[in-house]
Amino acid sequence: MLYLKSFFRKKSTKIFLIIYSVLLTTIFSMLVLINYCNKIINDVYKEKSYMLMTTRGDYLEEISKLDGVEKIERIIIFEENESDMTLKNYSFSVVGEDTTINYDNDENGEEIVCWEDYGPASFNDAIKVIIKYDKDNLLGLEDNEIALSLEGVKFKNQNTKDNLKGKNILFKYNENDIEFRIKDYYDSNDLEMMISENKFNELNSKSNIYSYKIYVKDYLNTKGIKEKMRMVSNCNDIEIDTRIDYDANKNAEKVSLSLDLWQMFSIITFFSICGLIIIFIIITGNILSDEKKNSKIERVLGYNKKQLKLHVVVKLISLMITALLISLIISFILRLIMS
């Protein structure tokens, strides 16, 4: 162990240790900060984001066990019905060479409730509305009644919301018309509607289509979760839609800043790793050069070539381990501060 003590007493070794420690600390600290940014973004997304999965097989149990899935709910998907006279559509026109879209009835937005208020609009497909069931009959819904989440009408005036009660909504379900009377509203962060559990089970039992609302742990890695879902279902007649949403008025600046910082920390990490590789090559070369000069003295002391090579390897490994421990301790302290 004497050769290690003399090695770490060298001024050059102390400089190498500082360089390694700084680079490794930077890398680990950046990873901690990247994870912290991910947590901020996911905490915001989790309030209103989810994935929709529709398939011809019932995979509720299998999907609930997938790594990355936090919660799964069985739902039904209704589609907008053009024959319905209760809910409107936001009419729009495309004007100018820059294809600017003008919403012609946007000025009446507080006075009308549209299909788009309860589902993302699409130029090609009908708007899809998420239907859940009234668990434990908390809303007291009859089989012909439906309740609307307040999230869809949060920007409507009270008269508009009151006037909607008692009216009928005509939907499309399995290519058939189905009608419900609006009973009331209920609190929810999501754009959805609710029917009685009895009616839900009746409709679900008559369909060979299964739909799920899936909440995941990491909304920045939905691509990987999608692949796992496709593997479970063998990619057989499956449709997966990711809906990322959040309260922009409250969290837009937080999300934007976190994404910018995430990108910056990722760039710093990349260049730090590149720098570490280059420095490793340079420092290793310097240490090997120094050890060649010292090998004559160690040979006089009775060490053979095999032992000398082992000493060099042990010195290099000891230097890296020491720097690694220092950086891990610093990054661990940073993680405690950030948690």
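Residues numbered from 1 in each chain as written. Predicted model: local features only at pLDDT ≥ 70, side-chain atom pairs only at ≥ 80, totals over all residues. Heavy atoms only, no water.

Colleague: I keep staring at the layout of surface pockets and nothing clicks. Help me out?
Modeller: Over the atoms, a rolled probe matching the size of one water molecule traces out where space is still vacant. In this structure, the largest pocket occupies an estimated 720 Å³ of space. If you tally residues by element for the lining of the largest pocket, the top one is strand S11 (residues 238-243), at five residues. Here the residues of the lining of the largest pocket are counted per class, giving 13 nonpolar, six polar and 10 charged. (1 Å grid on protein atoms, 1.4 Å probe; cavity = no way out; pocket = protein on both sides within 12 Å on 5 of 7 lines; lining within 4 Å. Points joined across faces, edges and corners; volume = space filled by probe spheres on them. Helix = DSSP H or I, 4+ residues; strand = E, 2+ residues; numbered from the N terminus. Nonpolar A, V, L, I, M, F, W, Y, C, P; charged D, E, K, R; others polar.)

Colleague: Can you help me understand the side chain of glutamate 192 in this one?
Modeller: With respect to the helices and strands, glutamate 192 occurs in the loop between strand S8 (176-186) and strand S9 (193-196). Judged by relative accessible area, which is 2%, glutamate 192 ranks as buried. When neighbours within four sequence positions are excluded, glutamate 192 is seen to be in contact with Tyr118, Ile130, Lys132, Leu148, Ser149, Tyr186 and Lys213. (Buried < 20%, exposed > 50% of the residue type's maximum accessible area, 1.4 Å probe, protein only. Contact = heavy atoms within 4.5 Å.)

Colleague: Would you explain the nonpolar core in this entry?
Modeller: Proteins that are soluble and globular tend to have nonpolar side chains buried together. If you look at the biggest cluster of nonpolar residues, it comprises 25 residues, and the most contacted ones within it are Met51, Met53, Ile63, Ile214 and Met229. Contributing elements (two or more residues each) for this core: helix H2 (11-45), strand S1 (50-55), strand S2 (69-80), strand S10 (210-216), helix H6 (222-232) and S11. Contact partners of methionine 53, with chain neighbours within four places excluded, come to Ile63, Tyr210, Ser211, Tyr212, Ile214, Met229, Ser233, Ile238, Glu239 and Ile240. Phe78, Leu87, Phe180 and Phe200 belong to the second largest nonpolar core, which has 24 residues in total. (Core = buried A, V, L, I, M, F, W, Y, C linked by side-chain atoms within 4.5 Å.)

Colleague: Please explain the packing of aromatic side chains as it appears in this structure.
Modeller: The description of an aromatic ring pair rests on the distance of the ring centres and on the angle between the ring planes. In the structure shown here, the tally under the stated rule is nine aromatic pairs. Ring geometry for tyrosine 45 against tyrosine 246: centres 5.7 Å apart, planes inclined by 35°, an arrangement best described as tilted. One end of the pair, tyrosine 45, is in helix H2; the other, tyrosine 246, is in the loop between S11 and helix H7 (248-300), with 201 residues separating them in the sequence. Taking the relative accessible area as the measure of exposure, tyrosine 45 reaches 9% and is therefore buried. For tyrosine 246, a relative accessible area of 24% gives the class partly exposed. Taking 6.3 Å as the distance between ring centres and 65° as the angle between the ring planes, the aromatic pair formed by phenylalanine 171 and phenylalanine 180 counts as edge-to-face. For the pair formed by phenylalanine 171 and phenylalanine 180, the shared burial category is buried. Over the ring of tyrosine 50 we find lysine 213; its NZ or CZ atom is 4.5 Å from the centre of that ring. (Phe/Tyr/Trp six-rings, centres within 6.5 Å; stacked < 30°, edge-to-face > 60°. Lys NZ or Arg CZ within 6 Å of the ring centre and 35° of its normal.)

Colleague: Help me understand H6, please; the structure alone is not making it clear to me.
Modeller: Residues lying three or four places apart along an α-helix face the same way, a consequence of the helix completing one turn every 3.6 residues. Regarding H6, the residues found buried are Thr222, Ile225 and Met229. Within H6, the buried residues cover an arc of 60° as seen down the axis, which keeps them to one side. In H6, the exposed positions that point more than 90 degrees away from the buried face belong to Lys223 and Met231. Those residues of H6 hidden inside the fold are in contact with S1, S2, S10 and S11. One or two residues past the end of H6 sits asparagine 234, with phi positive at roughly 60°. (Arc of directions from axis to C-beta.)

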